[in-house]
Amino acid sequence: MPAVDPPLALLAELTHRCPLACPYCSNPVELERASGELGGEEWQRVLREAAALGVLQVHFSGGEPMVRRELRTLIAEAASHGLYSNLITSGALGGEREIAAFAEAGLRHVQLSFQDHEAANADRIAGLAGAFERKLKFAAAVRAAGLPLTLNMVVHRQNLDGIAEMIDMAQALGARRVEIAHVQYYAWALENRAALLPSRAQLDEATRIVEAARERLRGVLAIDYVVPDYYGVRPKGCMNGWGRQFLNVMPSGTVVPCHAAETIPDLSFPSVRKQSLADIWYRSDAFDRFRGTDWMPEPCRGCDRREIDWGGCRCQALALTGDAARTDPVCALSPDHTLVEAALGEAAAAAPQPFVYRQFR
Ligand code: SF4
Ligand code: FES
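A brief structural summary. Because the structure is predicted, anything quoted here is derived from the model rather than measured.

What counts and what doesn't
Residues numbered from 1 in each chain as written. Chains lettered and ligands numbered in written order. Predicted model: local features only at pLDDT ≥ 70, side-chain atom pairs only at ≥ 80, totals over all residues. Near = placed C-beta within 6 Å. Nonpolar A, V, L, I, M, F, W, Y, C, P; charged D, E, K, R; others polar. Axes fitted to C-alpha atoms, helices over the stretch in contact; angles between N-to-C directions. Helix = DSSP H or I, 4+ residues; strand = E, 2+ residues; numbered from the N terminus. Parallel < 35°, antiparallel > 145°, perpendicular 65-115°, else oblique. Contact = placed C-beta atoms within 7 Å. Buried ≥ 20, exposed ≤ 12 C-beta atoms within 10 Å, placed from the backbone. Pairing = 2+ DSSP bridges. Right-handed = clockwise from strand over helix to strand, strands pointing away.

## A closer look at the site of ligand 1
Then, in step 1: In the neighbourhood of ligand 1, 14 residues make up the surrounding shell, with C300, C303, R305, C331 and L333 lying closest.
Then, in step 2: A breakdown of the residues in the shell around ligand 1 according to their chemical character gives six nonpolar, three polar and five charged.

## Some details on the packing of helix α4 (residues 119-126) against helix α5 (residues 131-144)
Then, in step 1: Between α4 and α5, the least distance of the axes is 8 Å, while the angle of their chain directions is 105°. Classified by the angle their axes make, α4 and α5 are roughly perpendicular. The segment α4 lies against α5, with A119, A122, D123 and A126 engaging A131, F132 and E133.
Then, in step 2: A breakdown of the residues in the contact of α4 with α5 according to their chemical character gives five nonpolar, no polar and two charged.

## Brief notes about the pairing of strand β4 (residues 109-114)
Then, in step 1: Burial within β4 is extensive, with five of its six residues counted as buried.
Then, in step 2: Pairing between strand β3 (residues 84-89) and β4: four bridges, direction parallel. Paired with I88 across the bridge in β4 is Q111.
Then, in step 3: After leaving β3, the chain enters helix α3 (residues 96-105) and then returns to the sheet as β4, a path that is right-handed.
Then, in step 4: Strand direction decides the pairing type here: β4 and strand β5 (residues 149-155), joined by five bridges, are parallel. Pairing of F114 across the sheet is with M153, part of β5.

## Here's the deal with the sheet that holds strand β9 (residues 255-256)
Then, in step 1: Read across the sheet, nine strands follow the order β7-β6-β5-β4-β3-β2-β1-β8-β9 without closing on themselves; strand pairing throughout is mixed. Strand pairing shows two members of the sheet lacking a second neighbour, β7 (222-226) and β9, which therefore form its edges.
Then, in step 2: Where β5 meets strand β6 (residues 177-182), six bridges bridge the pair, whose relative direction is parallel. Residue pairing in the sheet places V154 in a bridge with A181 of β6.
Then, in step 3: Strand contacts of helix α9 (residues 200-216): β5, β6 and β7, with the helix running at about 155° to β7, the strand carrying the most contacts.

No statement about biological role is implied by the geometric values presented.
Written out as structure tokens, the structure is:
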């Protein structure tokens, strides 16, 4: 087993509750109900333990973290331990008063999601009328509070053609950064894959526009761009390697190395209700199972990229092959790569599909 460094960042998924219903939501298909959520004091203990463990950044997320009335207290708790805190929000709840209070409590950064640059399509994708207008007001409140703003734009077949306007919108709203990420196909997005996978022509045009905008806006707006895995020949280094830098605490207190890990059937995940974060990070089968390179099959085992992409994504390997311990099929060297090609072929041939919206079942 490799030497294990302390984690860099904690994703605090405070709740799965959310006013939006995006069909690519990375939350599990079985959402946690409010009655199963950790309480405010339990979250305060998690933050204390995270800081003691060496975590530097905490990302408050969900669902919609602003659903939790303890959020201001949690931001203050994080700040009191020197943690850099980031709020990842839909912007559909709250406004100037809340943001000003969060800034005063020690919040350092806000990531605000938009579903499109155009109100009607954005609200259709979010499943909530009026959401886009609320987000515009929220962005203004973030800037008024003096907090740096990043816009998160998740792109796919049904909004990708507006990518130039999305970049213009980020600039107009005073964002310092825009993260344009193609949908990753887990959880709800996997259910909606046929409705979301873009065509190769759409992707190539979008990539051309992003590259030109990066040149034009150098020093003005940083543009992060995550291309869809399925069109790559090598996978992404998901989470920068399993159990290397990140841990997610889910609303119930279950701790996972990535947001989709619970889909892996033969792993059981520990809970902060029963174990300390340090125990979980350093001494749990769930975090050790795919750490480092010892677990790797061929072709990863003998590949010179094995400590660059760490064999790709375990959850994608599971979703596509039924076995989380296989090479990510996105890799063209994987014996299962034809599964990705088949999915692309099916998506190209499919008629437009209606969305299955995220909802409690
Ligand atoms: Fe990465 Fe494995 Fe593919 Fe090599 S064979 S590029 S390590 S996924
Ligand atoms: Fe779980 Fe990639 S989402 S390893």
